[in-house]
Amino acid sequence: MESIFYSSEQNFFWEKALKQDSIESSSILAESFLLVPKSNRKLKKLRFVLTLEYLYIIKSSNRLQKKKSNITFGLIEPFVESDDSSELTGFRVTKKGVFQDFYVEKPEVFDHWLSGLQKVCVFGSFFTELEIVEGLGVGLSADVNLVKDKGGNFYAAKSIPKSKLLRSKERIENLKREILINRQLEHPGLVHLHRVYECENFVHLIFDYLDSYDLCESISSHGRLTEEFTSLIIRKVLSTIHYLHAEGVTHRDIKLENILVGKNFEVKVIDLGFATKEVGKSRYGSPGYFAPEVIQKKPYNQKADIFSTGVMLYCMLFGDQPFQGDSAEEIISKNLECKVEFPEEEVSEEAKDLVLKMIEADPQKRITAAEAMLHPWILKYHNYDYLN
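Residues numbered from 1 in each chain as written. Predicted model: local features only at pLDDT ≥ 70, side-chain atom pairs only at ≥ 80, totals over all residues. Heavy atoms only, no water.

Caption draft 1: Fine view of the overall build of the protein. Along the backbone of the protein there are 12 helices and 17 strands. Projected onto the principal axes, the alpha-carbon positions of the protein cover approximately 80 × 45 × 40 Å. In the protein, which comprises 388 residues, the proportion classed as buried is 50%. Summed over its atoms, the accessible surface of the protein is roughly 20100 Å², and 48% of this surface lies on carbon and sulfur atoms. Of the side chains in the protein, 50 bear a positive and 57 a negative charge, and the two mean positions are spaced by 10 Å. (Helix = DSSP H or I, 4+ residues; strand = E, 2+ residues; numbered from the N terminus. Buried < 20%, exposed > 50% of the residue type's maximum accessible area, 1.4 Å probe, protein only. Areas by Shrake-Rupley, 256 points an atom, 1.4 Å probe, with all protein chains shown as cover. Lys, Arg positive; Asp, Glu negative; His and termini not counted. Charge placed at Lys NZ, Arg CZ, Asp CG, Glu CD.)

This is the structure:
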């Protein structure tokens with residue numbers, strides 16, 4: 001199988017570690033002795049450390065690195081070798097056409113390393129480890145399926161056809177960025193990325209599964225939402241966005257379809273496919289949700305997410321989009337004008353005030369997620385218990 005994550009091959013797996021290389025304890029994903037094959041087919045015991053960036057061979061006494069290998073997006077293949085007298089468990093790491101085999105002496109060490117490797121590498125055993133139960137959704141770039149592992153646990157698999165990814169280098173880079181950002185985040189308002197699989201025709205991203213509906217479905221079925229319910233939803237969304245922004249991440253596609261609400265009122269922000277840690281320059285997102293600076297192709301920052309969240313808040317309160325048109329171009333044109341009119345529905349002035357502060361054309365004057373969470377309308381329903 002040809003991997004989409006590597007565009008070239010190399011003839012070495014390890015490189016010499018530099019003296020200035022350092023390993024911080026907080027960055028370690030796995031550490032133990034492993035066995036590696038020597039040229040005479042015997043096994044040599046060495047100590048290894050895995051971080052988000054490198055796999056190191058170290059001197060066990062002081063963690064002084066001898067060699068390192070960047071195995072990000074390397075392919076992991078677990079294996080079992082047996083003969084008449086013994087059985088050896090291990091895993092192979094392949095990158096850029098070269099590989100290294102590793103053997104473990106105890107089952108718990110094997111599990112320890114697989115747990116760490118799934119945060120760095122990709123696996124090729126999708127159909128042997130997971131069963132597709134049913135389809136959950138079909139998108140332009142990916143399908144989402146409900147899958148089940150051998151332990152009966154359910155997950156949501158985002159499956160991207162490699163044929164679509166191979167159409168441009170940018171699509172592959174966007175996917176790599178999405179994976180790397182997801183792996184670095186941990187928040188109750190986000191769906192956790194457990195593993196990435198690469199097969200012959202697809203790349204599968206395995207996320208938490210939440211029995212839920214998205215806000216677009218809710219408004220389409222029931223119309224506008226109550227202020228109490230809306231306030232609670234938005235507060236949870238803002239909390240997650242505040243976390244993303246604190247981590248240096250701009251989501252760039254906040255919209256009703258990307259907010260899931262579970263049966264126990266869990267609220268999840270999903271789809272980091274457009275997310276970035278850089279200053280935005282390209283137009284990413286959805287018509288009607290664009291901040292004006294995004295449409296104008298000016299450099300933009302995390303305030304663009306606040307604008308999109310303000311559009312979403314308007315939709316929840318009034319059951320319709322603030323910027324409407326018969327075509328995407330017309331919607332974007334009104335989106336750029338940023339003129340907000342409120343229908344005559346009975347919505348409080350406090351709620352409207354928050355909408356206007358979020359859908360502010362000037363990003364310098366637009367409030368932050370932290371400031372929005374302290375708005376009087378949000379605090380008004382802070383102790384409201386929706387479940388009861």
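Having seen it, we continue.
Caption draft 2: View of the nonpolar core. With 60 residues, the main nonpolar core has L215, I233, M312, M316 and I359 as its most contacted residues. Top contributing element to this core by residue count: helix 8 (residues 303–318), with 11 residues. Sequence-distant contacts of I233, defined by excluding residues within four places in its chain, comprise L215, V261, F265, V267 and M316. Among the nonpolar cores identified, the runner-up in size contains 33 residues, and L46, I76, L114 and L130 belong to it. (Core = buried A, V, L, I, M, F, W, Y, C linked by side-chain atoms within 4.5 Å. Contact = heavy atoms within 4.5 Å.)

Caption draft 3: Seen up close, a positive patch on the surface. Taken together, the side chains of K38, K42, K44, K59, K66 and K67 define a basic patch exposed on the protein surface. Residue placement: K59 occurs in strand 4 (residues 55–59). (Patch = residues over 30% accessible without salt bridge, like charges linked within 9 Å, V, L, I, M, F, W, Y side chains within 5 Å. Salt bridge = Lys/Arg side-chain N within 4 Å of Asp/Glu carboxyl O.)

Caption draft 4: Looking closely at the pattern of salt bridges. Scanning all chains against the criterion turns up 15 salt bridges. With a shortest N-O distance of 3.3 Å, K45 and E105 are connected by a salt bridge. Here E105 lies in the loop between strand 8 (98–104) and helix 1 (107–117) and K45 lies in strand 3 (residues 43–51), a separation of 60 residues in the sequence. With a relative accessible area of 44%, K45 lands in the partly exposed category. Residue E105 is classed as exposed on the basis of its relative accessible area, which comes to 54%. Between E330 and K334 there is a salt bridge, with the nearest N and O atoms lying 3.8 Å from each other. Taken together, the residues E330 and K334, both in helix 9 (residues 328–337) and 4 residues apart, mark about one turn of the helix. Taking relative accessible area as the criterion, K334 reaches 36% and is therefore assigned partly exposed.

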